[in-house]
Amino acid sequence: MTDQPGSPDDAPENTKGRPSLAEAALFGCCPRCDARTLFDGPVKFAERCRACGLDFTRFNVGDGPAGFLTLIIGALITGLAIWLDLSVRPPFWVHIVIWVPVTVAAVLAGLRVSKALLLIAEYRNKAGEAGRDE
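In this text the structure is predicted, and so the values were computed from the model without any measurement. (Residues numbered from 1 in each chain as written. Predicted model: local features only at pLDDT ≥ 70, side-chain atom pairs only at ≥ 80, totals over all residues. Heavy atoms only, no water.)

> Please explain helix α2 (residues 64-88) as it appears in this structure.
Owing to its 3.6 residues per turn, the α-helix aligns residues three or four sequence positions apart on the same side. Its 25 residues give α2 an end-to-end C-alpha distance of 36 Å, which sits within 8% of 36 Å, the value for a rise of 1.5 Å per residue. Taken together, the buried positions of α2 are Pro65, Leu69, Ile73, Ile77, Ala81 and Leu84. Its buried side turned inward, α2 meets α3 (92-124). Positive phi shows up at Arg89, right after α2, with a value of about 55°. (Helix = DSSP H or I, 4+ residues; strand = E, 2+ residues; numbered from the N terminus. Expected span 1.5 Å × (residues − 1). Buried < 20%, exposed > 50% of the residue type's maximum accessible area, 1.4 Å probe, protein only. Contact = heavy atoms within 4.5 Å.)

See below:
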């Protein structure tokens, strides 16, 4: 790892007055300056922070959040849909009207928060890829 600006090595040690990991992920805060500049779209990271210039492309969040969300949200929605069907017996179209938007909203919100959480945790823990000497 290098000591260049934008590398995980320049993570501040003093965290007093900074948002918690959960707050920073929820609001899409830059891990260096806490500005709400982490995202450029609903779930797409910006290339760099507009306030401090931290390069977000250096962090490797990967597909982990999507895999976990598929399992967690899929199981939750399936359980709720089965419960609704067994207790009320609504027509099939009611399931579509309820569960499609709920699933889309849950995936987008969950993906945004989980991706931000992983990036911020990687920055704060000064994590890097194994075997990388840059």
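> Sorry if this is basic, but what is going on with the nonpolar core here?
A general trend in soluble globular proteins is that nonpolar side chains are found buried together. Ranked by size, the top nonpolar core spans 17 residues in total, and within it Leu38, Phe45, Leu54, Phe56 and Leu119 carry the most contacts. Of all the elements in the fold, those that place two or more residues in this core are α1 (21-27) and α3. The element that contributes the greatest number of residues to this core is α3, accounting for four residues. Those residues within four positions of Phe56 in sequence are excluded, and the remaining contacts are Cys30, Pro31, Thr37, Leu38, Ala46, Glu47, Arg48, Cys49 and Leu119. Ranked by size, the runner-up nonpolar core spans seven residues in total, among them Ile73, Ile77, Ala81 and Leu111. (Core = buried A, V, L, I, M, F, W, Y, C linked by side-chain atoms within 4.5 Å.)

> Any chance you could explain the confidence of the model for the protein here in plain terms?
The predicted coordinates of low-pLDDT regions are not to be read in fine detail. Across the protein, the average pLDDT comes to 84, with 83% of residues at 70 or higher. Note that residues 1-12 has pLDDT below 50 and, in this model, 35 contacts with residues that lie over four places away or in other chains. (pLDDT = per-residue confidence, 0-100.)

> For this particular structure, what's the right way to read α3?
The terminal C-alpha atoms of α3, which comprises 33 residues, lie 47 Å apart, in line with the 48 Å expected from a rise of 1.5 Å per residue. Among the residues of α3, Val94, His95, Trp99, Gly110, Leu111, Ser114, Lys115, Ala116, Leu119, Ile120, Glu122 and Tyr123 are the ones counted as buried. Its buried side turned inward, α3 meets α1 and α2. Within two residues after α3, Lys126 carries a phi angle of roughly 55°, on the positive side.

> Would you explain a nonpolar patch on the surface in this entry?
Together, Phe92, Ile96, Val100, Val104 and Leu108 give the surface a local cluster of nonpolar side chains, amounting to about 480 Å² of exposed area. You can call Phe92 exposed: its relative accessible area is 63%. (Patch = residues over 30% accessible without salt bridge, like charges linked within 9 Å, V, L, I, M, F, W, Y side chains within 5 Å. Areas by Shrake-Rupley, 256 points an atom, 1.4 Å probe, with all protein chains shown as cover. Salt bridge = Lys/Arg side-chain N within 4 Å of Asp/Glu carboxyl O.)

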